[in-house]
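# Fold and contact review
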Amino acid sequence: MATTAVGQPLSRVDARRKVTGTATYSAEHRIEGLLYGVIVNGTVARGTVSRISVDAALAHPGVLRVLTDFGKLQLAHPVDRLAFYGQPIAVVVAETLEAATHVASLVEATYERQDAVTDFDDPDIPSQTPEDEPDYSRGDPVGALASAQVKVDLELTSARENHNPIELPSTIARWQDGLLTLWDKTQWSQGAARTVAGALGIAVTDVRVHNEFLGGGFGSGIQTYDHVVLAAFAAREVNRPVKVVLTRRQFYYGTGFRPASRHRMTLGSTAAGRVSALVYEVRIENARYRTYTDGLTDLPKFLYGVPNTSTAYRITPIDVHSPASMRGPGVVLGNFALETAMDQLAHELAVDPVELRLRNEPTQDEVSQLPFSTRKLRECYETGARRFGWSRRRAEPGSRTDGDLLIGMGMATASYHNNRRDSSARARIHADGTAEVFAASADMGPGTTTSVMQVAADALGLPASAVTFRLGDSSYPTAPLHAAACTMASVGSAAYTTCNALKAEFIRRAVADPNSPLHGANPADVQVSDGQLETSGARDTYRDILRRAGLPSLDITGNWGPGDADSRISTYGYGAVFAEVSVDPLLGLVRVRRIFAAYDVGRVISPKLAHSQAIGGMVGGIGMALLEGTVTDHRDGRIVNASLADYLVPVNADVLDLDAAFINTEDPQADPIGVKGLGEITIVGVAPAIGNAVFNATGKRLTDLPIRPEALL
């Protein structure tokens, strides 16, 4: 059957609701009897609360409760002591938000402080090797470095970054007949249900989570944080629904962040540009109460064919909230170190940066020794270089100007593992010929609601306008977290498999029904298009099959999972990112003039949404490269710039000319719809491409993110 929806540049099916204000986000649901909860945050990084005074708060009109005893809750951090600045110490519940906010300021706490460390560069704090990130080695890296003809040895750093979607973390909790309903800004409704159930000591079947609309996430909604549990706890205590919405400042204290990092990347090469050795050491900040790791060493081990490689991953536990996944988690930082070093090596060798990478293309996955499912990175380089105009780049740093500005071009490779996870879906066709597909997924912005609909429409043989994908409800069939670039490959494959099974059931019923025009036909010969089943000129329809059976609808629930595919193939997405910058040498001001990237991400279900994803990743990469950095006052652990007035993110003036193209390819070995993850890879190569462009413009190799003007003066 020819596809009619997949591959079409459709607009988001929920776009009109979003731009007209009829999409209802978590904090906007109108619940009868709703109260307002405001969290009171502790103001020491380590210690205990020796006394908390709530008398003045309780005397205020409209206040119902001030909850301070969290002893029976199971939270991710200790509840009997303070483990980080901003840890909740009380929840005020009032009739109005204004009353709750004011009363929260009246709660007074006295602390028994303990010595705290919030600077992970403190030399007195030992680093640790996390259990899930053991040291890695192949070949003889030390010997290969010693004999290398050319060496590059760089130390690099990155600042902590905080997620800053426009929608703040928000939860409404309501109890009815012992059952808890949450309207929550979460990227994983079923994960949130499990976490809240565990924290409250109730059955997960007694919790239902709604999250149909999310106003951005970038990883901030993967974990379920204190405010969600405390909203549910407060609602149970006062026996009325309670809404909790964090302020922007509380967002910085109350959720995770991309951890600050310190890197050392050493490369050894032959004079001909064959990288013979790679040694990578990285350290990130961590909380004392919980270990967090992500894939910083993934690409340094994998991306190039380096026979002698070693990596070492370390964490430094300090008195802070636990880090969390942020777009391109870990991989984006490890790739920054790798691609900066590769650019420096190209400069030392006087080899074009693209050519150096081509000379070091592997023939298989050097880590797993598995064949690549697809790896069209060479095509990404060629397409990107041609479309960007890479041939106009001048190799000599500082040799191209535009008036008083220095102009530079840089590039970097991008890659991200193609994550696929077990998922389920339910497909239903109604008597009017329309269809619905259900899965407990989410859509924080990539257009999942649209792209899964496109897959389902083609699988069912229906026009896109007749199919609706329903998500955002933990009671729907199981779906993985909406993160790690796994949603389309996982949920999309489950929808595809289930819809094909439902179509097959309709065909089976038709050929077995004496009253059907298709009676006795070979099921394999029946084609379905626009809701019509046809073979050899005979036709039947979904509507007629249901009418004859006297059914209002017919549905099937199906499952899909990657099985043992990852033991047979290495499946990654790939990209080549090209950037042009201008640098004002008097002010040290860097402006990104344009970025172009070419990607191998398998089959592109929705080109319009894929392009939007790429642009969004580039914007995030600009922020990482030039603007974003969380500043902590290490005297007490307070975040100094916890607001959008002080924490800089890209705005329209920073985003001048961003574009992307996709290599025409599919990955049928990885999943039945041939896709690879797109959400994460689009940020991965941006920061090093910008940094390498700054080097080309100025001759200054800057290795600290973000790149600050003073570093160029």
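Quantities reported herein were computed from a predicted structural model and do not represent experimental measurements. (Residues numbered from 1 in each chain as written. Predicted model: local features only at pLDDT ≥ 70, side-chain atom pairs only at ≥ 80, totals over all residues. Heavy atoms only, no water.)

It is worth spelling out the pattern of salt bridges at this point. Enumeration according to the criterion identifies 35 salt bridges in this entry. Between D402 and R593 there is a salt bridge; the shortest N-O distance is 2.7 Å. Here D402, found in strand β15 (residues 401–402), pairs with R593, found in strand β25 (residues 589–600); they are 191 residues apart in sequence, far enough to count as distant. The class for R593 is partly exposed, based on a relative accessible area of 24%. Note that R428 is salt-bridged to D555, the shortest N-O span being 3.5 Å. (Salt bridge = Lys/Arg side-chain N within 4 Å of Asp/Glu carboxyl O. Helix = DSSP H or I, 4+ residues; strand = E, 2+ residues; numbered from the N terminus. Buried < 20%, exposed > 50% of the residue type's maximum accessible area, 1.4 Å probe, protein only.)

Attention now goes to the environment of M342. Within the secondary structure layout, M342 lies in helix α9 (residues 331–349). Residue classification places M342 among the buried positions, given a relative accessible area of 1%. For the pair M342 and T478, spaced 136 residues apart in sequence, the C-alpha to C-alpha distance is 42 Å. Every residue in contact with M342, bar those within four places of it in the chain, is listed here: L267, V275, Y304, L356 and R357. (Contact = heavy atoms within 4.5 Å.)

Let's shift gears to the sheet that holds strand β3 (residues 63–67). Here we have seven strands laid out as an open sheet, ordered β3-β4-β1-β11-β8-β9-β10, and mixed in their pairing. Unpaired on one side and paired on the other, β3 and β10 (207–210) mark the two borders of the sheet. Averaged over all adjacent pairs, the angle separating strand axes in this sheet is 20 degrees, with direction ignored. Note that strand β9 (residues 179–184) and β10 share four bridges and pair parallel. Bridging from a neighbouring strand, L180 pairs with V207 of β10. Along the sheet face, helix α5 (residues 189–200) touches β8 (170–176), β9 and β10 and points at about 140 degrees away from the line of β10. (Pairing = 2+ DSSP bridges. Axes fitted to C-alpha atoms, helices over the stretch in contact; angles between N-to-C directions.)

With seven of its nine residues buried, strand β12 (residues 261–269) lies for the most part within the structure. Of the pairings in the sheet, the one linking strand β7 (residues 150–158) to β12 comprises nine bridges and is antiparallel in character. Its bridge partner being in β12, L154 is matched across the sheet by M265. Between β12 and the antiparallel strand that follows it, strand β13 (residues 275–287), lie five residues; G273 among them carries a positive phi value of about 90 degrees.

In terms of nonpolar packing, the biggest core is built from 92 residues, with M265, L267, V581, I595, Y599, M618 and I690 touching the most fellow members. When residues in this core are grouped by element, the largest group, 11 residues, is from α9. Y599 has contacts with C380, Y574, G575, V577, A614, M618, A660, A661, F662, I663, I681 and T682, leaving out every residue within four places of it along the chain. Of all hydrophobic cores here, the second largest spans 48 residues; its members include F438, A439, A456 and F506. (Core = buried A, V, L, I, M, F, W, Y, C linked by side-chain atoms within 4.5 Å.)

With that settled, the discussion passes to the packing of α9 against helix α17 (residues 686–698). Their axes nearest at 9 Å, the elements α9 and α17 cross at an angle of 30 degrees. Taken together, the axis directions place α9 and α17 in an arrangement best described as roughly parallel. The hand of the α9/α17 crossing is right-handed. Seen from α9, the contacting residues are N335, F336, E339, T340, D343, Q344 and H347; seen from α17, they are P688, N692 and F695. Of the residues contributing to the contact of α9 with α17, the split by class is three nonpolar, five polar and two charged. (Parallel < 35°, antiparallel > 145°, perpendicular 65-115°, else oblique. Left-handed = near helix turned anticlockwise from the far one by under 90°. Nonpolar A, V, L, I, M, F, W, Y, C, P; charged D, E, K, R; others polar.)

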